[in-house]
Amino acid sequence: MNEIRIGLLQLHNVADVETNIKHITEHVNDLAKRGVQLVVLQELHNSLYFCQVEDVNNFDLAETIPGPSTELYAKLAKELGIVLVTSLFEKRAPGLYHNTAVVFEKDGTIAGKYRKMHIPDDPAYYEKFYFTPGDLGFKPIQTSIGKLGVLVCWDQWYPEAARLMAMQGAEILIYPTAIGYAKSDTKEEQQRQREAWTTVMRGHAVANGLPVVAVNRVGFEPDPSKQTEGIEFWGSSFVAGPQGEIHYQACDNDEESVVIDIDLDHSEDVRRWWPFLRDRRIEAYGDITKRFIDE
């Protein structure tokens, strides 16, 4: 078996960045003691989810890559001998910012980065104000433990993104995430949304014969503008196998530090049983690049 041990950190963020980083560092150290080879952090884990409002002062949270956070997390990865998936607010140039996942190799080098491609713009999720869509494409990142198909949050709703990662040899799909309930939604609607979120990524696992790791933040974060009632992030971080089977799913209301073992070789078996890549009718898919097909 080609088994890897993965650590998931589902945390509740606070306003102070240093406190968040200290909290993350303590948990990553604990996960390393538990033998993990790969640690996945949630989306924009250094701060509160600032996209609830459009405020130019929030651009002060962004930093260059390389920069202070990459230096800190590179050192952490090297000291602990782990592969570490982080999620940072990247300042590429004045007025040009990205939502960027950075993957660190166990020797502390940057194995690669991915800039979030699909950018939402919805009440309490005003990401288009902050982030320029990614320009690095959907390219897996080669690491010492395998080829990681790293995507970010809103990307998780798009089968095209998962498929393109799989077509380029990704061995696992990884989604740092920040998603939650609107307080105004009914309990039934909240449940439907959370189940849809889990289901769509399990579908990516099945369609591509790959394991999926999704790590979401948890806890309530108020809307500074008070235009909404804030976001209750629903946690529920999970690991699914290549047939969509749930290996573990965290709770929806508390922090969790989880260790999961998965066998990457199992994907080979599943793809032999269900050869979806073999049977794709690629000559018939030209219209997929259109926005919509009018009659």
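It should be emphasised that the depicted structure is a prediction, and the values quoted were computed from it without experimental measurement. (Residues numbered from 1 in each chain as written. Predicted model: local features only at pLDDT ≥ 70, side-chain atom pairs only at ≥ 80, totals over all residues. Heavy atoms only, no water.)

*Asks:* Honestly, unusual backbone geometry in this entry has me stumped. Any pointers?
*Replies:* Among all residues except glycine, the phi angle is most often negative; among peptide bonds, the trans geometry is most common. For the bond from Ile-65 to Pro-66, the omega torsion is 0°, close enough to zero to count as cis. With respect to the element layout, Pro-66 can be found in the loop between β2 (38–40) and α2 (68–80). In this structure, Cys-153 is a non-glycine residue whose phi angle is positive, near 40°. Mapping Cys-153 onto the fold places it in the loop between β9 (146–150) and α3 (159–167). Positioned with a positive phi, Lys-226 is a non-glycine residue whose angle comes to about 65°. (Helix = DSSP H or I, 4+ residues; strand = E, 2+ residues; numbered from the N terminus.)

*Asks:* What should I look at first to understand the layout of surface pockets in this one?
*Replies:* If you roll a probe as big as a water molecule over the atoms, it shows you where there is empty space left. Its boundaries defined by the atoms lining it, the largest pocket holds a volume of some 410 Å³. What lines the largest pocket is a set of 24 residues, among which Pro-123, Tyr-125, Gly-180, Ala-182 and Gln-193 lie closest to the centre. Sorting the residues of the lining of the largest pocket by element identifies β11 (180–182) and β14 (231–234) as the ones contributing at least two each. Considering each element in turn, the lining of the largest pocket owes the most residues, three residues, to β11. (1 Å grid on protein atoms, 1.4 Å probe; cavity = no way out; pocket = protein on both sides within 12 Å on 5 of 7 lines; lining within 4 Å. Points joined across faces, edges and corners; volume = space filled by probe spheres on them.)

*Asks:* Would you mind showing me how to read the packing of α3 against helix α4 (residues 187–208) here?
*Replies:* Two packed helices can be described by the angle between their axes and the distance between those axes. Relative to each other, α3 and α4 sit at 35°, their axes nearing to 10 Å. Two packed elements cross with a definite hand, and for α3 against α4 that hand is right-handed. Contact residues: α3 offers Pro-159, Ala-162, Arg-163 and Ala-166, while α4 offers His-204, Ala-207 and Asn-208. For the contact of α3 with α4, the class distribution of residues is four nonpolar, two polar and one charged. (Axes fitted to C-alpha atoms, helices over the stretch in contact; angles between N-to-C directions. Left-handed = near helix turned anticlockwise from the far one by under 90°. Contact = heavy atoms within 4.5 Å. Nonpolar A, V, L, I, M, F, W, Y, C, P; charged D, E, K, R; others polar.)

*Asks:* Please clarify how the UniProt feature "domain: CN hydrolase" (unreviewed entry) in the protein should be interpreted in this entry.
*Replies:* Following the UniProt record, one finds the feature "domain: CN hydrolase" (unreviewed entry) at residues 4–264. Structurally, residues 4–264 comprises 23% helix and 33% strand, and the distance from its first C-alpha atom to its last is 7 Å. (UniProt positions renumbered as here; feature names shortened; annotations may be inferred.)

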